[in-house]
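Residue-level structure breakdown
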Amino acid sequence: MAANIDKRPIGVFDSGLGGLTAMAALMRLLPGEDICYLGDTGRVPYGVRSRETIQKYARQDMQFLERQNIKAAVVACGTVSAVALEQLTAEFDIPVYGVIEPAVRAALSATKTGNIGILGTEATIASGAYERQLRTARPEVTLTSVACPLFVPLVENGRVSPGDVVIETIVSEYLAPIRQSGVDTLILGCTHYPLLEAVISRFLGPSVTLISSGAAAAALVVNELTDAGLLNGQNADGIHRYFVTDSVAGFERLASLFLQQDVSGEVEQVIVG
Ligand code: DGL
């Protein structure tokens, strides 16, 4: 029988820092795996751009990771998962995993009332991808979706703490229809949004379950890689490398917020596309 071991790294990418929420979960679940993270920080945000531009950027991100000899890719970006996952799956030879299906599964198993909210970027919400998958799996769900275009720039600037008047104001405006609709489960359909969990929870109250799309994706990827015999089987700690398309210093400072660990010296600036 084949050894079922693959020493190549796993690739993870996002438009910026948000995918680190998936990266953090992957590192916790698979401590022995080598992982390459690409944050396209020079071109973030993607969620306000056209489908064509997002698809072009996504292809270039994948081509970069392919050159790092990855064995599988995690599209740790709700926006790219919503508008480019099929294209990437068709164009690249390795398994490509998005965040939407895992988040949908997690939300459906969490909800008791079937009343679910979805937050995402403009492109994600306009694509209707979450709604389609939720309704296909459970036609009787009640859904309320809201695009939150100001969240990504605020998170990328570290404006995430409860008590920060800017983020509190924006959260109360964007989430008013969600609170009104009485959801019991809310999908944070953009991988940046878990950084806002404290502020969002405070606004909606503790009875609403928040689903992190990045963490849900990481959990599913672990199962998939295990089943496919693609894990590297080592006990030693994996090597983690971070690539960004804008300044290293800015990324290093904020990455510690997402990862709860220092990544100084592990980040490299690269050109993509
Ligand atoms: N983290 C990305 C997502 O999940 C952010 C998108 C953006 O760059 O606007 O959608």
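In the block above lies the structure referred to throughout.
What counts, and at which threshold
Residues numbered from 1 in each chain as written. Predicted model: local features only at pLDDT ≥ 70, side-chain atom pairs only at ≥ 80, totals over all residues. Heavy atoms only, no water. Helix = DSSP H or I, 4+ residues; strand = E, 2+ residues; numbered from the N terminus. Rg over C-alpha atoms; globule rule 2.2 N^0.38 Å. Buried < 20%, exposed > 50% of the residue type's maximum accessible area, 1.4 Å probe, protein only. Contact = heavy atoms within 4.5 Å. Areas by Shrake-Rupley, 256 points an atom, 1.4 Å probe, with all protein chains shown as cover. Near = heavy atom within 4 Å. Polar contact = N/O pair within 3.5 Å; in protein donor to acceptor, adjacent residues only side chain to side chain. Nonpolar A, V, L, I, M, F, W, Y, C, P; charged D, E, K, R; others polar. Pairing = 2+ DSSP bridges. Axes fitted to C-alpha atoms, helices over the stretch in contact; angles between N-to-C directions. Parallel < 35°, antiparallel > 145°, perpendicular 65-115°, else oblique.

**Quick look at the overall build of the protein**
- Of the regular secondary structure elements, the protein holds 12 helices and 10 strands.
- Taking 2.2 N^0.38 as the reference for a compact globule, 273 residues should give roughly 19 Å; the C-alpha atoms of the protein span a radius of gyration of 18 Å, in line with that estimate.
- Considering only C-alpha atoms, the protein reaches an extent of 50 × 45 × 35 Å along its principal axes.
- Looking at the protein as a whole, 58% of its 273 residues qualify as buried.
- Restricting to contacts in the protein with at least 6 residues of sequence separation, those with at least 24 account for 76%.
- Accessible surface, the protein as shown: approximately 11,400 Å² in total, 50% of it carbon and sulfur.

**Quick look at the site of the ligand**
- Neighbouring the ligand are 14 residues; Ser 15, Tyr 46, Gly 47, Gly 78 and Thr 79 lie closest to it.
- In this structure, a nitrogen atom belonging to the ligand sits 2.8 Å away from a side-chain N or O atom of Thr 191.
- Measuring from a nitrogen atom of the ligand, one finds a side-chain N or O atom of His 192 at 2.8 Å.
- In isolation the ligand has 290 Å² of accessible area, and contact with the protein removes 99% of it.
- Of the residues that constitute the shell around the ligand, the class distribution is six nonpolar, seven polar and one charged.

**So, the sheet that holds strand 5 (residues 115-120)**
- One open sheet accounts for four strands, arranged 6-5-7-8; its pairing is parallel. One side of each edge strand has no neighbouring strand; the edge strands of this open sheet are strand 6 (142-147) and strand 8 (209-212). Looking at each pair of strands side by side, their axes are set apart by 20 degrees on average, direction ignored.
- As defined by bridge partners, strand 5 adjoins strand 6 across six bridges and the pair is classed as parallel. Within strand 6, the position partnered with Gly 120 by the bridge is Ala 147.

**Quick notes on the environment of Phe 203**
- Tracing the chain through its elements places Phe 203 in helix 10 (residues 197-204).
- With 31 residues separating them along the chain, Phe 203 and Ser 172 place their C-alpha atoms 6.9 Å apart.
- Excluding its chain neighbours within four sequence positions, the residues that come into contact with Phe 203 are Val 171, Ser 172, Leu 175, Ala 176 and Arg 179.

**Remarks on the packing of helix 4 (residues 100-110) against helix 11 (residues 213-227)**
- Relative orientation of the contacting elements helix 4 and helix 11 amounts to 100 degrees, with a least axis distance of 8 Å. In terms of axis orientation, helix 4 runs roughly perpendicular to helix 11. Between helix 4, through Pro 102, Ala 103, Arg 105 and Ala 106, and helix 11, the contact on the second element is made entirely by Ser 213, Ala 216, Ala 217 and Leu 220.
- Among the residues making up the contact of helix 4 with helix 11, the classes are represented as six nonpolar, one polar and one charged.

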